[in-house]
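# Descriptive analysis of the structure
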Amino acid sequence: MADGCFEFAIDRGGTFTDVHCRCPGGKVRTLKLLSEDPANYRDAPTEAIRRILEEETGLRMPRGRPIDSSVIGSIRMGTTVATNALLERKGEPTALVITKGFKDLLYIGNQSRPNLFDLSVTLPDNLYETVIEVEERVYLRQNGCQLGLEDYKRRQGVTKDDIFEIKPVPTEEVIRQLEEVFKTGIRSLAIVLMHSYMYPDHEIQIEAIASRIGFTQISLSSKVMPMVRIVPRGYTVCVDAYLTPAIKKYLDNFQSGFKDLDKNTEVLFMQSDGGLAPVQDFSGSRAILSGPAGGVIGYGVSLFDKKTPLIGFDMGGTSTDVSRYSGTLEHVFETTTAGVTIQAPQLDINTVAAGGGSRLFFRSGLFIVGPESAGAHPGPACYKKGGPLTITDANLVLNRLIPDFFPNIFGPNCDEALSREASLQEFQKLTARINSEIAPRKMTVEEVALGFVKVANESMCRPIRALTQGKGYDTSKHTLACFGGAGGQHACAIASSLGMSKIIVHKYAGILSAYGMALADVVAESQLPANLHLNPENFATIRTTLQKLLKDTTDKLKSQSFRDDNIEVEMYLHLRYEKTDCALMVPAHDAAQLASAVEITDVMLGKFPESFSERYTTEFGFSLPNRTVIVDDIRVRALGKSRADVSEVLGDKPDGMPVRKIESFFEQGKMETPVYMVESLSADQQIDGPAIIIDKLNTMVVEPNCLARVDSRGHVIIEVPVKTRQEMDTDQVDSVQLSIFSHRFMSIAEQMGRVLQKTAISTNIKERLDFSCAMFGRDGGLVANAPHIPVHLGAMQETVKFQMKALEGDLHDGDVILTNHPMCGGSHLPDLTVITPVFDQHSTKPVFFVASRGHHADIGGITPGSMPPFSTILAEEGAVFKTFKVVEKGVFREEETVAMFMAPADKVPGSCGSRNIRDNIADLKAQIAANNKGISLIKDLIQEYTLPVVQAYMEHIRENAELAVRDTLKDLHSKLGGETLRYSDKLDCGAQISVAISIDGESGSAMVDFEGTSPELHGNQCAPRAVCMSALIYCLRSMVQYDIPLNQGCLEPVDVRIPPRCLLDPGENTAVVGGNVTTSQRIVDVVLQAFRAAADSQGCCNNCTFGNDSFGYYETVAGGAGAGDGWKGRSGVHTHMTNTRITDPEILERYYPVVLDQFRLRDDNSGGQGAYRGGEGVIRSILFRQPVLLSLLTERRVLAPQGLSGGGPGKCGENTLVRPDGSRMFLGPKISITVGPGEKFVMKTPGGGGFGSPDEEAEKKTSKPVELQKGSVHQYKLIQESA
């Protein structure tokens, strides 16, 4: 970079473009422009550079003429071009090239739905427009395979694994297919083939063909991200092919605004991983977090004091970004953005849909903030364009924003000031409505506005707690690093709520992402798959790979003029324990080393096992010391170090004086509040709150009792006092506090879940997250249940109440109860519930309860996995715990617990005890630890608010859920005409489920009567009463169009009548494993049909188990969703009471003796006809490589899913075995059968019912906006809700 040149760092955001420029001589210029202003300029970054150069050089530079780049040393830029194109689906038309049999794989994805209660199953569209299936195939070599593959060509993969090339690329056919697509005008290809991460040759062959034909963007999954799992790798390569052309178009457009830019100027772009890359290396899959990444670098590099970790808090107009920095960048390698899973290194930036533009609602007694946003148009009410009330309006009404300090760009003609009057008028209307519903207490306009601000603050605290407490960090031991346009108005309240004592508002808070670009390092990164055991025998191979990657990455940086002494390298191994699916990216013991000093020795490699064990223990609370460690991938990250200076200091000047004093509203009421301009403040000048500090781009609110000062570098430091206990009235509900407690209670349930996931050892709990955690009041009534597993919803309160009655007078401090019996509120035996009563020092009875329910992989019984297809009595399904103290007075009863798990071997012929007792015991201890976490957090809440207040709001929150359901039932009564709602349906065996629903429109109550339902069955398809109650809660919540607390109150307005000893309330010893996974689905179909809410979905989980003496595997398979009024049924998705993810095809073939022959949507019109068609089922075909026992537990193979309102039925499912000679055997819905090598099991799952007559014209509905949330917290939520 030439001396004496301008150095620009620019963040082109969705609304504003921020600029930081270091001029010759060291002067710093900042600038903020609208990103889109076509009336005045073509491109915001180009215009910003033009303005600064013109002003600083004095040379006239007319708009529209290329800018002389000779005085520009560097341009570093982050851009939302890729993110916006993804959100708005405005990328390049793309074709997907994939292995034959998998054309719908990326449509099906992991088969889960993102929102449990969205009956329409809204998912973003795929990024590709058409699909080319290539009839190529490779099989992995496996010991014990009996398919006779010796005649096929054996190849060696990148990982040195042997591969059989079963079908080479059919060159002529591929040429024909690609030419046909080329004729349609498509020029971008995304290529992803089975196992190409380790054998890329077939992708490379197709790339060469496509290049000759003329395709201009060809993205290969083996190059974009060579990691196992075809589904996320496929999504990632589609993102790359879809977005890279859009980025290139933008870059070409940007560069055209300059003269000789490529010759004179270093142009670098920020990637999602926080590193800069030259223009030619900037691609779509690495650009999603381009802008936000700069903010993390900005506060991390310039504010971290090497002692206190930082929480980044970037609050903008529509969303808030939360991140953490403790000396190193925290990366994640798989996130979901705009509904698309991306497998690439990204900074762990968590986005929540809460910002200044978040809309305000009052529903059923609750203050609700977002997630809907007013957007830029029409914007908040104060913009005077007819917009809704937002958080910005609330701050304006509270006099925490001052219109005089904003430009006059509002109003219909964009020439007026922010209008406090417009905000006030709308708040007056809302306040009147609120006061009419919450009598006798009356609230003022300011109290209502402050209430919404408090609720918004709490919604932003939840992801911060998850990012810290959820990973084992103490939130209060962090400093809040605040930036973004709206963050300063909320920072004091958020820090106080989280127990943080210090806030730093960066001097460049309004343009911190741009400033971060100036500080960032240039990064070159490379990664290769390995699939090796981590042992000394493989060190030579690992060393060779590291050396290759080291050379590749450092050579790339040297080509950009970096020297060895200015290049640092980080080496990583992607490690996991054998037979687990949770890999961690582990850095070398010396995390960053100068490239010139790197030595890859056996000693260095020998430290990886210890580092992995330590990291695993930190993440999950334990390690597996005798388990083999697998190296999945080898990665090197080289950093060309930035030379930016962060030591700017303020000059001497006198203390600044307030420019005015106003009356602002706080918790204490109206208070005189001085207003300061930040540029007038001197170093270390102290300002007592309340006060408002304003700079050109940011407004900071210093709340009462807080103390602000400006440090020597110009940052505003705010000291926050320790939060004192709040005194509150327990008799009268406060709607604001009710909303806050709703967040706090749910946060506790979520944090319990994080502890359980971290400390459990089994795959079901740790990796599939098949568990739920909840808290209960002193009466055993459910208070908060994180909505993770639909079949667990509300069921645990039946369990807690049963134990309270059974152990009345025998519950003591230090006791923990274990239960799983269906008569005690259990769902099925593998779901073990651990309940901990909590006592106050002054009470002999529990003051509340916490509980966790987890699915244990095996608890004994007549088949591995404890889910036998043909069980007839409960004891055949495994160990039974009715009322058992697993911990008594603080002592874990391990010997007695083991005996209970092993008891089935002595009770039932052909049965055995638990097949993995160590995992059972470890998972029980994890459940106890999760309960202890919940107790600790509730005690913190009690310390903050007092026990009477917490208990009172436990009651109030249940009353609020009851009110929400009553409101919904009143609406349904009006909509459905007040008649009794009836529906009946039959299981494949002929047993009937009947329901009659009578709604009282006055009270909003309902009677749900299952009279007419068949008696209990011989077999295992009876559903416990608790499962029926869970299905009802699920249905009621699905018909409410907004979030409500999921607790006991949901069923208070509902009188449920189930005939004794019927299909839905069987006897004590009746088998129930099938009822939990099949009958539960049919209960939902029947209830939703009665309410006329949706046609039947597939009505089944399609349970498939196979294994032999050496392994066992279990999966549930997606099908068609039912259509409804205004939506088509989603195809290839799990519905209603299940939402389990399916194993990725490459993982399936890697670890099990099978080949997945096809996994696609049915093409035989399996979805019911109608104005809105039902969703299609799927075809899943599995070829077995050795003998196995195959067990099926399925439904809807005889009786089809029915339509609604004239819609046609979906097609039944089919289970078929195809023999090597091509002959076929029909298997029926439920069977256990031994199958041999070369035999193929083909499952067709049912379609969904249609809605409305096929002759009716379907009304087009406006599609829902794409989800804003992203980051590891959001990813965890998605995984747990798809457990």
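This is a predicted model, so every value here is computed, not measured. (Residues numbered from 1 in each chain as written. Predicted model: local features only at pLDDT ≥ 70, side-chain atom pairs only at ≥ 80, totals over all residues. Heavy atoms only, no water.)

This paragraph deals with the side chain of arginine 1160. Positionally, arginine 1160 belongs in strand β52 (residues 1154-1161). Among the residues examined, arginine 1160 registers a relative accessible area of 15% and is labelled buried. At 2.8 Å, the side chain of arginine 1160 and the side chain of glutamine 1158 are in polar contact. Once you skip the residues sitting within four places of it in the chain, arginine 1160 turns out to touch Gly101, Asp104, Ile108, Val1178 and Ile1179. (Helix = DSSP H or I, 4+ residues; strand = E, 2+ residues; numbered from the N terminus. Buried < 20%, exposed > 50% of the residue type's maximum accessible area, 1.4 Å probe, protein only. Polar contact = N/O pair within 3.5 Å; in protein donor to acceptor, adjacent residues only side chain to side chain. Contact = heavy atoms within 4.5 Å.)

This part takes up the pattern of salt bridges. What the rule picks out here adds up to 65 salt bridges. A salt bridge links arginine 50 to glutamate 47; the nearest nitrogen and oxygen atoms lie 3.0 Å apart. A residue pair is termed a helical-turn pair when its members lie 3 or 4 positions apart in one helix, as arginine 50 and glutamate 47 do in helix α1 (residues 44-57) at 3 residues. Residues arginine 50 and glutamate 47 agree in their burial class; the two are buried. Measuring nitrogen to oxygen at the nearest pair gives 3.1 Å for the salt bridge that ties glutamate 1195 to lysine 1230. Of the two residues, glutamate 1195 is situated in the loop between β54 (1188-1193) and β55 (1214-1218) and lysine 1230 in strand β57 (residues 1230-1235); the sequence distance between them amounts to 35 residues. Taken together, the shared-partner salt bridges in this structure form one network comprising Asp985, Arg1082, Asp1085, Asp1096, Glu1195, Arg1196 and Lys1230. (Salt bridge = Lys/Arg side-chain N within 4 Å of Asp/Glu carboxyl O.)

Let's shift gears to the sheet that holds β57. Strand order in the open sheet made by the 4 strands is β51-β50-β54-β57, with antiparallel pairing throughout. Of all strands in the sheet, those with a lone pairing partner are β51 (1111-1116) and β57, marking the two edges. Direction aside, the axes of adjacent strands within the sheet are offset by 15° on average. Here helix α26 (residues 1073-1090) sits on the sheet and contacts β50 (1103-1108), β51 and β54; the angle it forms with β54, its principal contact strand, is near 55°. (Pairing = 2+ DSSP bridges. Axes fitted to C-alpha atoms, helices over the stretch in contact; angles between N-to-C directions.)

Here the focus is the sheet that holds strand β9 (residues 153-156). The sheet built from 3 strands is open, its strands ordered β8-β10-β9 with antiparallel pairing. The outermost strands of the open sheet, each flanked by one partner alone, are β8 (137-140) and β9. Strand-to-strand twist of the sheet, defined as the mean angle between neighbouring strand axes without regard to direction, takes the value 40°. Of the strand pairs in this sheet, β8 and strand β10 (residues 162-167) are connected by 4 bridges, and their pairing is antiparallel. Directly across from leucine 140, in β10, lies its bridge partner isoleucine 163.

Ranked by internal contacts, the top residues of the largest apolar core, which has 164 residues, are Phe427, Ile503, Ile542, Ile693, Ile718 and Phe745. Considering each element in turn, this core owes the most residues, 12 residues, to helix α12 (residues 445-468). Discounting chain neighbours no more than four positions away, the residues touching phenylalanine 427 are Leu360, Leu389, Asp393, Ala394, Val397, Val445, Val448, Ala449 and Phe452. Counting residues in hydrophobic clusters, the runner-up holds 86 residues, among them Ala44, Ile108, Ile230 and Tyr250. (Core = buried A, V, L, I, M, F, W, Y, C linked by side-chain atoms within 4.5 Å.)

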